[in-house]
Each structure stands twice: as structure tokens, then as C-alpha cells.
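Residues per chain are reported as follows:
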Amino acid sequence: MAPSSSVSAKPSPKVSQSPTEQLLGLLSSSANLPDDMVLSELSTSVLAIRSFMASSSTSTGVDFSDMPYSGALSSSSSSSSAGSLASSLASALDTFVASLILNLRNVGGGTDDDDDSGDGQENPNGLEQHAGGGGGGDDDAVLQAYAEKKTREEKLSKLVSLTNLLRECAAMAHAWTLEMLSPESAPAKSASAASQERQACTSLFNASRRMHDLLLALAQEAATSAANEHDEQGELANAQASLADDVARLCEAWFAFHVAPDAHATNTSTRNAGRRAAQDVLDACGIVVAELTTQCLPFLLIRALCGGRPTDVKRAFAMRDSLTVLDFDDEESIAMTKELLLRCSVSASFLRSNEGRKFLSHVMLVDVEMMKEVYACVKAQIPNASSAELGWYGDVMFRAWRTSSGADLLTLESWVFGDLLDCAVLTADVKVAAKALQVLDAALHKHKLASSGIGKAVDETLHRLYEPVVFGSATAANASVRLNACRVMVSSFPLRVLDDADADAQILQQQLHAMAKLMADGCPQVRAEACRGCARMLEKFWELLPARVVGVLVGRIADDLSADAASPLVRSAALEGLKVLLGQPLAHAVLGRAIGSVGVALGDASRGVRRACVDLVVAARQIRGMPDIATDVQLLESLATDPDEHVRRKVGELLRTQLLRPDKLSDLLRRQPGAAVELLRGIGFDAARELLLDEVGEDVVVKVDGSVEAWLRKDREDAQPLAQPLSC
């Protein structure tokens with residue numbers, strides 16, 4: 001079709017601008033311009049785009065002149081409706097995109113083998129191939145190689161030009177989509193104008209859909225071109241990668257105005273009111289935005305998984321509602337997307353990002369079978385996961401649980417939380433069980449004390465899931481099961497029945513009775529874990545528990561378990577538990593009467609018990625009004641004779657300010673020189689010598705124990721290693 005006269009007319013000065021800039025300026029100002037000015041601006045933009053296409057034909061060698069939009073644009077220039085011009089312009093853009101894609105496929109369809117074959121190739125630049133001997137075969141090979149190189153270069157140049165043209169179209173369509181669907185710039189329109197706008201919107205969507213259908217192929221070709229030795233500068237690979245990103249952003253722009261059907265009438269916020277208005281326009285045009293997600297979402301997931309950038313994760317999160325339009329029952333069509341989603345569920349890029357965890361929680365609720373598969377992937381990672389990753393997994397599950405309902409909620413509680421509870425209680429490997437418990441801590445236990453209705457919902461869920469499992473497991477024949485049940489009981493304490501006071505008091509008593517029974521268990525590991533857990537429960541919920549029960553439990557820890565003759569593990573656990581209880585101010589009065597006899601543990605044969613005891617002594621002496629657990633005589637004896645450096649250092653730090661004074665040091669040097677040596681070693685050689693000679697006097701120094709005198713009279717180099725403060 002020959003170009004019309006209006007097309008061949010000389011363009012206005014605005015032709016020097018890029019078509020994207022002119023179209024943007026036009027659409028941003030069209031709402032405030034009279035119709036005749038809008039017509040003038042549109043005609044100028046039509047001329048600019050036609051000129052741009054003509055120059056594109058020259059640069060790419062592709063003829064765009066014989067296209068069906070020529071007459072439409074020419075006839076529309078005399079129309080009295082700005083909407084008809086916009087509709088024609090959108091139709092032209094759609095046709096131009098279709099032609100570009102067709103030419104891009106034709107140019108890129110040839111393989112390197114075809115280019116390298118040389119059959120039927122004309123000799124470039126008029127060079128003749130010489131036949132005959134005398135090296136003619138070498139000349140032919142050189143000419144053929146030259147021809148092949150020129151062919152590859154021309155093909156590469158044409159592919160880059162076509163790709164860049166599509167980038168321009170994608171940018172133009174992106175800007176036009178935002179302007180067309182934006183509610184702020186949409187004045188009241190007549191029925192005819194609205195009809196023309198719907199036609200323009202439909203044409204623009206068709207152009208966007210054509211580019212969307214190339215998205216994954218573009219991403220794959222960009223990776224292939226990056227490894228192509230003929231594209232030394234990476235020009236084609238960069239152009240293809242940029243085009244894929246531009247097309248993805250175009251699809252995201254369309255989807256930004258999509259409103260899910262179930263949310264169309266319920267969400268009344270200002271932002272979503274604008275989205276609902278845009279969705280009404282899309283519905284009137286018969287446009288299904290979900291058609292732009294089948295390749296856009298996988299593309300964004302691949303970028304987030306491979307690049308790991310937070311911005312890519314946020315872009316995937318913004319497209320989360322597109323998951324609801326996917327058919328998860330069609331295994332053939334959903335296979336790739338499902339595989340990508342499962343990889344995302346255990347990807348650090350998604351887990352460490354707040355938007356990524358929100359996205360994964362949304363994935364869990366898209367389909368029941370998908371929830372099960374995501375949990376299977378997470379469960380396989382739990383044994384080797386770090387503490388941070390376990391917390392992230394739990395956070396994803398909590399977000400999914402908080403927003404779920406109906407069948408999704410039942411599946412999540414029974415299939416996911418129920419299985420995690422079984423792992424935390426029944427797994428033979430206590431380390432794996434502890435990791436499963438960490439996931440439950442992050443998913444449910446940490447939200448028990450939430451001030452909103454979340455805390456109440458968590459309590460109801462825990463009571464429903466845990467009561468049939470935990471109490472029976474606490475009396476199981478297997479010691480590992482009892483140990484795991486103890487940990488779960490402590491972490492979830494207290495299980496509550498909020499709607500029934502009598503039942504609530506009964507289950508609380510049941511938990512305390514189970515803990516008391518576990519503290520008398522025949523397995524030392526279970527007794528030790530129950531002791532530590534009981535101390536944490538008392539420290540956190542002291543006011544909630546009856547005073548009589550509190551006194552019994554504290555006495556059991558301080559009197560019985562701290563002197564457990566069968567296991568040093570239990571004795572050290574009891575002392576650690578008493579130190580935890582010192583953090584509860586309300587417990588000080590009860591502890592003051594109960595811990596007076598635990599000081600004898602400073603002379604225990606177990607190093608762990610002695611360390612726990614000295615830590616308890618130090619913590620108790622920092623609390624005003626708390627009676628001394630160990631006397632100074634016991635501490636000095638431990639300082640002088642304990643073989644463990646940690647114990648000597650802790651006792652030395654405790655006594656140094658009290659005894660390293662002139663009025664105390666002289667007597668200490670005579671009565672317990674070994675303890676004095678340890679105190680002096682802790683402050684260093686120079687400080688100790690100065691203190692002894694200046695404060696005590698030379699006459700006292702020479703009369704003390706021989707070991708002290710020998711240490712003091714050593715040369716500085718020999719004594720310096722001893723003079724260093726002790727370390728753990």
C-alpha cells in the first residue's frame with residue numbers, strides 16, 4: 001500500500017524528538033487541551049512515528065511501508081475525534097509490533113550451519129572465486145570465510161536493530177498503559193469517545209500480549225547470545241536482556257491495575273478504588289490481564305533466583321495475585337512455574353526478604369497440593385538449616401496461617417503444624433527434633449503473648465494440636481521422646497482453654513504435674529532438661545502460678561536436683577536454673593530461703609558443676625539483699641586450689657576489690673598465700689609488685705611463702721607470662 005500524502009508531508013520540528021517523548025507529552029497534556037489542539041498534536045505525533053518507522057526501514061533493511069495502518073492513520077488525520085486518532089495510533093503500534101516480531105523471527109530463524117554452509121551464497125563485494133591450481137583452493141577458503149563473516153555481521157546488526165526497535169515499542173506501550181488506565185487523568189467522556197478509548201486499549205493490550213509471548217524465549221536467547229563468540233561486545237545479548245526486562249515491566253504495569261474478583265467489591269481504600277475503576281475499563285474491553293502473567297511471573301522468579309537482588313524479589317511479590325489465575329491442576333502447563341515456586345520456597349533470596357516471605361506465604365495458600373509440596377521442600381531442609389533459616393521458615397508458616405481459612409487452615413494445621421509437632425516429639429535425633437521445635441517457636445509459640453486476637457487464636461490452635469500429643473509423650477517408654485516432649489511443653493507453656501476457667505485451671509495443673517514428674521525422671525538428660533525448662537517457666541510466668549506450687553518447684557530444684565548424686569549434668573542444670581530465677585525480682589524472697597546450701601558445689605568433683613556454681617555466686621552477689629551462697633573461706637579455698645582457670649578467674653574478679661587492699665592483703669599473704677598469688681596474678685606482674693612493695697612493704701614481702709617470693713623476684717621476662725590476666 002502506498003504511503004498517503006499526509007505521511008509524506010514534511011514533519012514539524014517536533015520530529016527531532018523521540019516518538020516515546022512526543023507520545024508521553026501528548027497524553028500527559030491532552031486532558032487540558034481543546035479538541036482542535038489535541039488533533040494537531042496527535043497528527044504531529046503520527047507523523048513523528050511514521051518518520052521513525054521509515055528511518056527504521058533504512059537501518060534494518062526491513063520494509064514497513066506496506067502495512068495496513070497507513071490508510072487508517074491518513075484518514076484519521078481529518079477526523080474530528082481525538083479518540084479515533086488515539087485508536088488508530090494504538091492499532092498502528094500493534095501492527096508495527098507484529099511486523100517487528102515477524103521480521104525478528106525470520107532474521108533469527110537461520111542457524112549458524114545455514115550461514116556456514118556457503119551453498120547458493122553470492123560472493124560479497126563482487127569478488128570472483130578463481131578455480132584451478134596454484135593455491136586456488138586456499139583463495140576459495142579465504143573468500144568463503146570472508147563471506148560467512150560478513151553474513152554473520154549483517155545478521156547480528158539486523159537482530160540488534162530489530163531488538164532495539166521492540167524496546168522502543170515496549171517503552172511506548174508502557175507509558176501509554178500508565179496514562180490510559182490512570183484514574184487521575186481520565187475526565188468524563190462521551191459514549192463515542194469511550195468506545196474509541198476501548199478500541200485503543202484493546203489494540204495496546206494486543207501489542208503488549210505479542211511482546212509478552214516472547215518473554216521467556218528472549219531470556220533464553222540472551223543467555224545463549226552471551227556465550228556466542230561472534231557477539232564479542234555482547235551487543236545483542238545486552239539488547240535482548242534489556243528488551244526482556246522492558247517487556248516484563250510492561251506486563252507488570254498492566255497487572256498493577258488488576259483487581260481480583262473477590263476483592264473487587266470488598267476493598268474500599270482510595271488506591272484500590274482507582275484500581276477498580278481501571279479494572280472496569282479492562283472488563284469493558286474484554287481484556288484478561290492474566291494472559292500477561294503466564295510468562296512474566298516465571299521470568300521474574302528466574303531473575304530473583306539467579307540474581308538474588310531484593311528489587312527482583314519485590315517485583316515478584318507485586319505479582320503475587322497472578323498465582324490465583326494459574327491452573328495448578330494442569331500438570332503440563334504449570335510444571336515449570338511450580339518447580340520455580342518450590343525453588344523459591346527454600347531460596348535465601350526470598351527467605352531473608354520480608355516481601356519474599358510474604359510471597360511464599362501466599363504461595364502456600366494458592367493450592368492445597370502446592371502447600372503440601374512446599375512444606376515437603378522445607379522439611380527436607382530443616383536438619384541442615386541455620387537458626388536464622390529456621391526462623392524464616394516459621395515466619396512464612398505463621399503468615400500463611402494468619403491469613404488462611406476453611407480448608408486451607410485445616411490443611412495447614414493438620415498437615416504442616418501437626419507433622420512438625422510429630423517431628424519435634426517423636427524424632428529419634430534430638431538435634432533434628434530441636435530444629436523442628438525452632439520452626440514451631442517462630443510459627444506459633446512466639447505469638448502466644450500477642451496483644452491482638454492473634455494470641456487468642458494461637459492459644460486455641462496449640463491446645464487443639466498439643467494436648468493429645470504432649471502429655472502422652474511425656475510418659476513414653478523412650479527417653480528421647482520424653483526429652484523432646486519436655487522441650488515442647490516448656491516452649492509452648494502455658495497451654496490454655498480461654499473459654500472455660502475450670503478447664504483452663506485443670507490443664508495448667510496437668511502441665512505442672514507433668515513437669516514435676518519429669519524432674520524425677522530416671523534418665524539424667526530428661527531430669528536436667530526438665531530442671532532448666534521449669535526454671536524458665538517460673539521466671540517468665542511467676543505471677544500466673546500458685547504460690548504453693550512455686551515453692552515446691554523451687555525447693556525441688558534447690559534442694560534435690562542441685563545435690564543429685566547420680567549425675568553432674570543434673571547438678572549443673574539445677575544451678576543454671578537457679579541463676580535464671582534470679583532474673584525474676586518476685587522470686588528473690590523465695591530464693592533467699594532456698595539457695596543457702598548450694599555453695600558446697602564449689603568443691604564438686606565436676607568442672608561443669610563448679611563453673612555453674614561460681615556463675616550463680618557472682619550473679620547472687622550483684623543483687624542487694626540476697627544472702628551469700630558461699631562464704632569467703634570457701635571462695636578463697638576455691639581460688640587457691642581449683643584446677644579450672646575459669647573458676648579461678650571468676651572468683652578472683654569477685655574478691656579482688658574486696659581483698660587487694662593494704663589492710664587485707666598482709667593477712668591474706670600469711671594465711672592463704674596460694675589464694676593471694678592468684679589474686680596478684682590477675683592484676684599483672686607490674687601492678688602486683690608495686691602494690692606489694694609500696695603498700696605492704698619489703699619486710700612483709702620477704703617473709704611470705706617461698707613460692708610468692710620466688711615469683712616476685714623473677715626477672716621481668718620470665719615473670720611476664722605469669723603476669724598476664726587469666727582468660728577463659
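Residues numbered from 1 in each chain as written. Predicted model: local features only at pLDDT ≥ 70, side-chain atom pairs only at ≥ 80, totals over all residues. Heavy atoms only, no water.

A look at the overall build of the protein
In step 1: Within the protein, the secondary structure is distributed over 36 helices and zero strands.
In step 2: Taking all 728 residues of the protein together, the buried fraction comes to 48%.
In step 3: Long-range pairs, those at least 24 residues apart, make up 69% of the contacts in the protein with a sequence separation of at least 6.
In step 4: Accessible surface, the protein: about 34200 Å² in total, of which carbon and sulfur atoms supply 50%. (Helix = DSSP H or I, 4+ residues; strand = E, 2+ residues; numbered from the N terminus. Buried < 20%, exposed > 50% of the residue type's maximum accessible area, 1.4 Å probe, protein only. Contact = heavy atoms within 4.5 Å. Areas by Shrake-Rupley, 256 points an atom, 1.4 Å probe, with all protein chains shown as cover.)

Observations regarding the side chain of serine 322
In step 1: Inspection of the secondary structure puts serine 322 in the loop between α13 (310–318) and α14 (331–345).
In step 2: When its relative accessible area of 0% is taken as the criterion, serine 322 is described as buried.
In step 3: Polar contacts involving the side chain of serine 322 include one to the main-chain carbonyl oxygen of methionine 319, which spans 2.5 Å.
In step 4: In this structure, serine 322 is in contact with Phe255, Thr293 and Leu297, ignoring residues within four places of it in sequence. (Polar contact = N/O pair within 3.5 Å; in protein donor to acceptor, adjacent residues only side chain to side chain.)

Regarding the pattern of salt bridges
In step 1: In the structure shown here, the tally under the stated rule is 27 salt bridges.
In step 2: Two residues, glutamate 576 and arginine 532, come together in a salt bridge whose shortest N-O distance is 3.1 Å. A residue pair is termed long-range when its members are at least 10 positions apart, and glutamate 576 in helix α26 (residues 568–581) and arginine 532 in helix α24 (residues 524–540) qualify at 44 residues.
In step 3: Via salt bridges that share partners, Asp245, Arg249, Glu252, Arg303, Arg309, Asp312 and Arg315 belong to a single interconnected network. (Salt bridge = Lys/Arg side-chain N within 4 Å of Asp/Glu carboxyl O.)

Side note on helix α21 (residues 453–473)
In step 1: Here α21 contains 21 residues, and its C-alpha end-to-end distance of 30 Å stays within 8% of the 30 Å for a straight helix at 1.5 Å per residue.
In step 2: Maximal helix bending in α21 amounts to about 55 degrees, located at tyrosine 466; proline proline 468 follows within four positions.
In step 3: As for α21, its buried residues are in contact with α18 (387–403), α19 (406–426), α20 (430–443), α22 (479–492) and α23 (501–518). (Expected span 1.5 Å × (residues − 1). Bend = angle between axes of the 7 residues up to and from the residue.)

Side note on the nonpolar core
As a rule of thumb, soluble globular proteins bury nonpolar side chains together.
In step 1: In terms of nonpolar packing, the biggest core is built from 177 residues, with Trp254, Phe350, Phe417, Leu420 and Leu578 touching the most fellow members.
In step 2: If one sorts the elements of this core by residue count, helix α7 (residues 136–181) sits on top with 13 residues.
In step 3: The residues contacting leucine 420, other than those within four sequence positions of it, are Tyr375, Ile382, Met397, Ala436, Val439 and Leu440. (Core = buried A, V, L, I, M, F, W, Y, C linked by side-chain atoms within 4.5 Å.)

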